[in-house]
Amino acid sequence: MKTKLVLLLAFLSMASTTFAQDTTAAPVLKLSAYIEAYYAYDFANPANHQRPGFIYSHNRHNEFALNLGYLKAAYNTDRVEGNLALMTGTYAQYNLAAEPALLQNIFEANAGIKLSKSRPLA
């Protein structure tokens, strides 16, 4: 019985000395990416390799295609933050066709500045 108690206490003392990841030094710039590819086959066999117009996503016939792919950069410090993500693929090409050409490939764009050092405004 005494041996079991000693082993239990030894195990508990080892279990209590754990180490966690240090989160105080967060990276200032984070990069991330997303990609979504697809293959679709339409038995109507359209000659121009496009499925009907109401299908704005996954609309290419009998070919591998990129539906949505984006690269994102996120900048974050104590006072300044910002995000910029650029996208490409058939989703952006067909769903955002009415947008200005410069804005078709912007997935996310924002910036912010903390105005007060001592008080959170959000």
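Described in the following lines is the structure provided in the data block. Per chain, the residues get numbers from 1 upward, laid out in the order the sequence is written. Owing to the predicted nature of the model, reporting of local features is limited to residues with pLDDT of at least 70; listing and counting of side-chain atom pairs is limited to 80 or more, with chain, interface and lining totals taken over all residues. The side-chain numbers reported here are obtained from all heavy atoms of the structure, hydrogens and water having been left aside.

**Some thoughts on the overall build of the protein**
Per the secondary structure count, the protein includes two helices and four strands. By definition, any uninterrupted DSSP run of H or I lasting at least four residues is a helix, any uninterrupted run of E lasting at least two residues is a strand, and each is numbered from the N terminus. Its helices and strands taken in sequence order, the protein reads α-β-β-β-α-β from the N to the C terminus. Burial status follows relative accessibility: with a 1.4 Å probe on protein chains alone, a residue under 20% of its type maximum counts as buried, one over 50% as exposed, and anything between as partly exposed. Across the 122 residues in the protein, those meeting the buried criterion constitute 20%. Residues are treated as being in contact if the distance between any of their heavy atoms lies within 4.5 Å. Taking all contacts inside the protein whose residues are at least 6 apart in sequence as the whole, residues at least 24 apart take part in 49%. To measure how exposed things are, a 1.4 Å probe is used in the Shrake-Rupley method; for residues, cover is taken only from the protein chains shown. Accessible surface, the protein as shown: approximately 9900 Å² in total, 62% of it carbon and sulfur.

**Details of the sheet that holds strand 1 (residues 29–40)**
Adjacent strands of a sheet pair through backbone hydrogen bonds, lying either parallel or antiparallel. Strand pairing is assigned whenever DSSP detects at least two bridges linking the two strands. Pairing in this open sheet of four strands is antiparallel, and the strands run 1-2-3-4 from one edge to the other. Where the open sheet ends on each side, the last strands, each with one partner, are strand 1 and strand 4 (106–113). Averaged over all adjacent pairs, the angle separating strand axes in this sheet is 10°, with direction ignored. The sheet contact formed by strand 1 and strand 2 (residues 63–76) spans 12 bridges and is antiparallel. Counted as the bridge partner of isoleucine 35 is glycine 69 from strand 2. Between the N-to-C directions of two axes lies an angle of 0 to 180 degrees, each axis being a line fitted to C-alpha atoms and, for a helix, fitted only over the stretch in contact.

**Section: the pattern of salt bridges**
Salt bridges are counted wherever a side-chain nitrogen of Lys or Arg sits within 4 Å of a carboxyl oxygen of Asp or Glu. In the structure shown here, the tally under the stated rule is two salt bridges. As a salt-bridge pair, glutamate 63 and arginine 60 come within 3.1 Å of each other at their nearest N and O atoms.

**Focus on the nonpolar core**
Of all hydrophobic cores here, the largest spans six residues; its members are Leu68, Tyr70, Ala85, Met87, Ala92 and Leu96. Only strand 2 and strand 3 (80–88) provide two or more residues apiece to this core. When near neighbours in sequence (up to four residues on either side) are disregarded, alanine 92 contacts Met87, Ala97 and Gln104. We call a set of buried Ala, Val, Leu, Ile, Met, Phe, Trp, Tyr and Cys residues a nonpolar core when their side-chain atoms join them within 4.5 Å.

**What to know about the environment of glycine 89**
With respect to the helices and strands, the residue glycine 89 is situated in the loop between strand 3 and helix 2 (90–95). With relative accessibility at 16%, the residue glycine 89 sits in the buried group. The spacing of glycine 89 and asparagine 67 is 22 residues in sequence and 4.9 Å in space, taken between C-alpha atoms. In this view, glycine 89 contacts Leu66 and Asn67; residues no more than four positions away in its chain are not counted.

**Examining a nonpolar patch on the surface**
Patch membership requires more than 30% relative accessible area and the absence of a salt bridge. Residues of like charge join within 9 Å; the nonpolar side chains Val, Leu, Ile, Met, Phe, Trp and Tyr join within 5 Å. A surface patch of nonpolar side chains, about 730 Å² in accessible area, is lined by Val28, Leu29, Leu31, Tyr75, Val80, Ile113 and Leu115. Summarising the element assignment, valine 28 is placed in the loop between helix 1 (2–15) and strand 1.

The values are spatial; any link to function lies outside them.
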